[in-house]
Amino acid sequence: MDDQGCPRCKTTKYRNPSLKLMVNVCGHTLCESCVDMLFVRGSGNCVQCDTPLRKSNFRVQLFEDPAVDKEVEIRKKVLKIYNKRDFDFSNLREYNDYLERVEEIVYNLTNNLEVEGTKQIMEAYQRENRDIIQKNKAKLTREQEELEELLLLEQQGNEQRRLETLQEEQRQLQAKRKSKQALLDELERSHVPATILLAQHKDRAAQLETQIEKQKQVVKTTIFSTGIPMGQTVSLLTVNRLEEVLYHYQPIHMHTYGPPVPELEQLGRLGYLNHVRTAQPQDMAGGYNSGLACHRAIQDAFSGLFHPLG
Amino acid sequence: MFHISSQKKYWTFDNEESLEQLRCEANQKYRNKMLASGKPGVSDAVFLEAHEENVLFRHYEKRLLDFCNAFKPVMPKSVVGTAIMYFRRFYLNNSLMEYHPRTIMLICAYLSCKVDEFNVSSTQFVGNLVQESAAGQERALEQILEYELLLIQQLNFHLVVHTPYRPMEGLLIDIKTRYPLLENPESLRKSVDDFLTRVTLTDSGLLFPPSQIAMTAILNSASRAGLSMESYLTECMGLKEDKETLLKMYDAMRRIKSLMKKYELPKPDEVNAYKVKLERVHADFGTNSNMKRKRGYEDDDHVAKEPRMTEEEWTDEDLDDL
């Protein structure tokens, strides 16, 4: 499950696979119990690199390699500041340059290279582009909210559908029970013979079923099967038409060097089949019929009859 | 179908002379090979001439036919026809002196059973060599399996043979349907069968399409029985206007009939004389591949194998009473 144990208690990780590993800002791992242990004693230093830590800085490890987790954290923080997007730039080259700068910053912070210098660069950028940063933040939040709304709607739709089907089932069950009860009552009370009552009951049950079927079919269709809602106009790019030469079918012409052979379908009509052994039921089951053998014999008889020259 | 078959493309020749030529060439090739090898006792007189080979060929062919007819379970006629055709084709390009016909004949029958889907196991096949002991049958089987690939190769891997039997059936059906002038075509069947068996012993299979042979058979039997079938060709086959094709048909039929007349069973004293010669050629110059196979073992000290040649191989007499 894990390639290393917790560096502090070492053994506990192997013995207890459900134990989670936490990662802090310096990129070192500690299992949950060790984290608790560490902060009970009041000391807040990492075991390996001795950097002062706070309990809130520990997050549950998502990746196997703690360095990746560390980078993910740093990246999140950096991107909160550097949050420009592709339409903010006039051309692709500038956007790529910007992205490269961001990557450099992340890389430096992750590997602890020039931490001070990088932090200063970040602060300078933040000061300069304060308003742009704010605007982008607002946009981002709005987009996220929209997405969440859509998800919520979908969930609600599913819920509703589920409830509806449940209700439908309930209703059907009730209807069936009622009709049964009605039948029993009638059998008790009325003077009509039992067979007629049963027949009537069956008719009514059949009618009920067809009603239910019809109801099911009258479900309102609001969207096409591909997910596009009805009524939405979709703009299609014009597809280039490829003009090619149409294929013309030329039937195969085989030179049999003999008189023409009648077609398989014509054999019966022309009376050939009277002179061939009729097919037994066992033969017919396999798909054989006497026409096949007859046709083959005739083909063999006529093939090459006028050899050498057609 | 015949018109797209390998038989039509590669194994149908124009006239008997070309066949004779091929056989002479095969004979000559073997002679040259033996003369060039410079073995002791090699001289022209020892070898068989082309016409002598012909006599022996016919003898062994008849033997093959008898073997197939005595075969148990009963061999269908197409299998017999295929076997004889393989035999004929093989000795068109090879000399009898190089490969003994006795072996090749059995292999032809074996291969033809396989190709024509007449399923006979190998033990069952050699079980038909009634004169042999079980060991002899096994030896025969070994030889068969050894030479089988050679046979296929010499046939140029063209294994499908179109025999005249199905065309004969087809023509009979056609006559019954479209030619009411002939009252009872079934009465002709026996003589037609007879004709076809005799025709397989001639070179017709290599010269004419099977449908023509079947047509000849039927027309011949009809004329023998005194029934007239002339209008069949002109009316039903649509050849009334096409004089040229009609003439060609008649010509072909005439040639087939003449081939059949020319055929005669080989005379026993000739056969014996040539057989002696053949045996000597095989004994002196025959490359017995069994020797080659066991040569590897002779180097091992503890596996001392005697060359197979000294053991008694099965001879012609074993097949006599089939």
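Residue numbering note: each chain is counted from 1, following its sequence as written. By the order in which they are written, chains take letters starting at A while ligands take numbers starting at 1. In view of the model being predicted, local features appear only for residues whose pLDDT reaches at least 70, and side-chain atom pairs are presented and counted only at 80 or more, with totals across whole chains, interfaces and linings using the full set of residues. The side-chain values count all of the structure's non-hydrogen atoms but skip hydrogen atoms and water molecules.

Undergrad: Any details on the packing of aromatic side chains? Residues and values, ideally.
TA: Residue and element names in this part refer to chain B. Stacked, tilted and edge-to-face pairs are distinguished by plane angle, under 30 degrees for stacked and over 60 for edge-to-face with tilted covering the rest, among Phe, Tyr and Trp rings (Trp via its six-membered ring) whose centres lie within 6.5 Å. Tallied over the full model, the rule gives 17 aromatic pairs over all chains. Judged by centre distance (5.9 Å) and plane angle (80°), the rings of Tyr30 and Phe47 are edge-to-face. Placement of Tyr30 in helix 2 (residues 16–37) and of Phe47 in the loop between helix 2 and helix 3 (50–69) is noted, with a sequence separation of 17 residues between them. By the burial criterion, Tyr30 is buried, and Phe47 matches it. Arranged with centres 5.3 Å apart and planes meeting at 85°, the rings of Phe87 and Tyr91 form a pair that is edge-to-face. Of this pair, Phe87 and Tyr91 both sit in helix 4 (residues 77–93), four residues apart, which is roughly one turn of that helix. Taken individually, Phe87 and Tyr91 each receive the classification buried, so the pair is uniform in this respect. Per the convention used, a helix needs a DSSP run of H or I reaching at least four residues, while a strand needs a run of E reaching at least two, with both numbered from the N terminus. For every residue, the accessible area (1.4 Å probe, protein chains only) is compared with the maximum for its type, and the residue is labelled buried under 20%, exposed over 50%, or partly exposed between those bounds.

Undergrad: If you had to explain the sheet that holds strand 3 (residues 59–60) of chain A to someone new, which residues and values would you point to?
TA: In sheet architecture, strand pairing relies on hydrogen bonds along the backbone and comes in two forms, parallel and antiparallel. All names here are of chain A. In this analysis, strands are considered paired if DSSP registers two or more bridges between them. The sheet built from three strands is open, its strands ordered 2-1-3 with antiparallel pairing. Every other strand in the sheet has two partners, leaving strand 2 (29–31) and strand 3 as the edge strands with one partner each. When strand 1 (residues 21–23) meets strand 3, the two strands line up antiparallel, connected through two bridges. The residue of strand 3 that forms the bridge with Val23 is Arg59. Residue contacts follow a heavy-atom distance rule, with two residues in contact if any of their heavy atoms lie within 4.5 Å. Simply put, an axis is a line fit to the C-alpha atoms, just over the touching stretch for a helix, and the angle between two N-to-C directions goes from 0 to 180 degrees. Packing against the sheet, helix 2 (residues 32–40) makes contact with strand 1 and strand 2, and its axis sits at approximately 90° to strand 2.

Undergrad: Give me the lowdown on the packing of helix 3 (residues 66–81) of chain A against helix 4 (residues 92–110) of chain A, citing residues and values where you can.
TA: Residues and elements named next belong to chain A. Running from N to C, helix 3 and helix 4 point in directions that differ by 135°, and their axes come no closer than 9 Å. Taken together, the axes of helix 3 and helix 4 are oblique relative to one another. The handedness of the crossing between helix 3 and helix 4 is right-handed. For the pair helix 3 and helix 4, contact is made by Ala67, Lys70, Glu71, Ile74, Arg75, Val78 and Leu79 and by Val102, Glu103, Ile105, Val106, Leu109 and Thr110, respectively. The nonpolar class holds Ala, Val, Leu, Ile, Met, Phe, Trp, Tyr, Cys and Pro. Asp, Glu, Lys and Arg form the charged class, and all remaining residues, Gly among them, are polar. Taken together, the residues that form the contact of helix 3 with helix 4 break down as eight nonpolar, one polar and four charged. Note that the term roughly parallel is reserved for angles under 35 degrees, roughly antiparallel for angles over 145, roughly perpendicular for angles of 65 to 115, and oblique for everything else. Crossing handedness is read from the near helix: turned anticlockwise from the far helix by less than a right angle, it gives a left-handed crossing, and turned clockwise, a right-handed one.

Undergrad: Describe the interface of chain A and chain B, naming the residues involved and giving the relevant values.
TA: Each partner contributes residues to the interface: chain A has 25 residues there, and chain B has 24 residues. Across the chain A to chain B interface the summed buried area is about 2,300 Å²; carbon plus sulfur atoms make up 67%. Note on terms: buried area is the combined drop in 1.4 Å-probe accessible area of two parts once they are placed together, counting the loss on both. The largest share of the area that chain A buries against chain B comes from His275, Asp300 and Leu305 of chain A, three residues that together contribute 26% of it. The term salt bridge refers to a pairing of a side-chain nitrogen on Lys or Arg with a carboxyl oxygen on Asp or Glu at a separation within 4 Å. Linking chain A with chain B are one salt bridge. A salt bridge links Asp300 of chain A to Arg166 of chain B; the shortest N-O distance between them is 2.6 Å. Polar contacts here mean pairs of N or O atoms no more than 3.5 Å apart (in protein, one a potential hydrogen donor and the other a potential acceptor; neighbouring residues in sequence count only if both atoms are side-chain atoms). Scanning the region where chain A abuts chain B turns up eight residue pairs in polar contact (both at pLDDT 80 or more). Sort the elements by how many residues they give to the side of chain A that touches chain B and helix 10 (residues 290–302) of chain A lands first, with eight residues.

Undergrad: Give a detailed account of helix 10 of chain A, specifying residues and quantitative values.
TA: Given a rise of 1.5 Å per residue, 13 residues ought to cover 18 Å, and the 19 Å separating the end C-alpha atoms of helix 10 of chain A matches this to within 8%. The complete set of buried residues in helix 10 of chain A reads Ser290, Gly291, Cys294, His295, Ala297, Ile298, Asp300, Ala301 and Phe302 of chain A. Where helix 10 of chain A is buried, its residues meet helix 8 (267–270) of chain A together with helix 8 (165–178) and helix 10 (210–224) of chain B. In this scheme, a helix's expected span is set at 1.5 Å multiplied by one less than its residue total.

Undergrad: Can you lay out a positive patch on the surface for me, pointing to particular residues and giving the numbers?
TA: Residue and element names in this part refer to chain A. Here, patches come from residues exposed beyond 30% relative accessible area and free of salt bridges, joined within 9 Å for like charges and within 5 Å for nonpolar side chains (Val, Leu, Ile, Met, Phe, Trp, Tyr). Each accessible area is a Shrake-Rupley estimate made with a 1.4 Å probe; only the visible protein chains count as cover when residues are assessed. Two residue types count as positive, namely Lys and Arg, and two as negative, namely Asp and Glu; His and chain ends fall outside the count. The atom standing in for a charge is NZ when the residue is Lys, CZ when it is Arg, CG when it is Asp and CD when it is Glu. Side chains of Lys76, Lys77, Lys80, Lys119 and Lys137 sit close together on the surface and give a patch of like positive charge. For the positive patch, the element with the highest residue contribution is helix 3, accounting for three residues. Locating Lys80 in the fold gives a position in helix 3.

Undergrad: So what's going on with the pattern of salt bridges? Residues and values would help.
TA: Any two side chains of opposite charge can pair, on the condition that their charged atoms come close. Residues and elements named next belong to chain B. Scanning all chains against the criterion turns up 25 salt bridges over all chains. In this structure, Arg255 engages Glu16 in a salt bridge whose closest nitrogen and oxygen atoms are separated by 3.6 Å. Here Arg255, found in helix 12 (residues 243–262), pairs with Glu16, found in helix 2; they are 239 residues apart in sequence, far enough to count as distant. Here Glu49 and Arg31 are joined by a salt bridge, their closest N and O atoms 3.3 Å apart. Of this pair, Glu49 sits in the loop between helix 2 and helix 3 while Arg31 sits in helix 2, placing them 18 residues apart in sequence. Connected through shared salt-bridge partners, Glu20, Arg23, Glu61, Arg88 and Asp203 make up one network.

Undergrad: For unusual backbone geometry, give the residues involved together with the corresponding values.
TA: A cis amide bond links Lys72 of chain B to the next residue, Pro73 of chain B, at an omega of 0°. Tracing the chain through its elements places Pro73 of chain B in the loop between helix 3 and helix 4. For Glu114 of chain A, which is not glycine, the phi dihedral falls at a positive 50°. Within the element layout of this structure, Glu114 of chain A appears in the loop between helix 4 and helix 5 (115–128). Non-glycine residue Phe157 of chain B carries a positive phi angle of around 60°. Looking at the element boundaries, Phe157 of chain B is found in the loop between helix 7 (134–154) and helix 8. Assessed through its relative accessible area of 55%, Phe157 of chain B is described here as exposed.

Undergrad: Explain helix 12 of chain B to me, and be specific about the residues and the numbers.
TA: All names here are of chain B. When the terminal C-alpha atoms of helix 12 are compared, their 29 Å separation across 20 residues agrees well with the 28 Å that a helix rising 1.5 Å per residue should span. All buried positions along helix 12 are accounted for by Thr245, Leu246, Met249, Ala252, Met253, Ile256, Leu259 and Met260. End-on view of helix 12: buried residues confined to an arc of 150°, all on one side of the axis. For helix 12, the exposed residues set more than 90 degrees away from the buried face come down to Lys243, Glu244, Leu247, Arg254, Lys261 and Lys262. Contacts made by the buried residues of helix 12 are with helix 2, helix 9 (189–200), helix 10 and helix 11 (230–236). The arc in question is the one traced by the directions running from the helix axis out to the C-beta atoms.

Undergrad: Requested: an account of a nonpolar patch on the surface, with residues and values cited.
TA: A surface patch of nonpolar side chains, about 420 Å² in accessible area, is lined by Ile252 and Met254 of chain A together with Met1 and Ile4 of chain B. Among the structural elements, Ile4 of chain B can be located in the segment before helix 1 (6–10). Assessed through its relative accessible area of 51%, Ile4 of chain B is described here as exposed.

Undergrad: I'd like to hear about the confidence of the model for chain B, residue by residue, with values.
TA: The predictor rates its confidence in each residue with pLDDT, a number between 0 and 100. The predicted model of chain B averages 84 in pLDDT, with 88% of residues at 70 or higher. Within the model, pLDDT remains below 50 along residues 289–312 of chain B, and this stretch shows 19 contacts once partners closer than five positions in the same chain are excluded.

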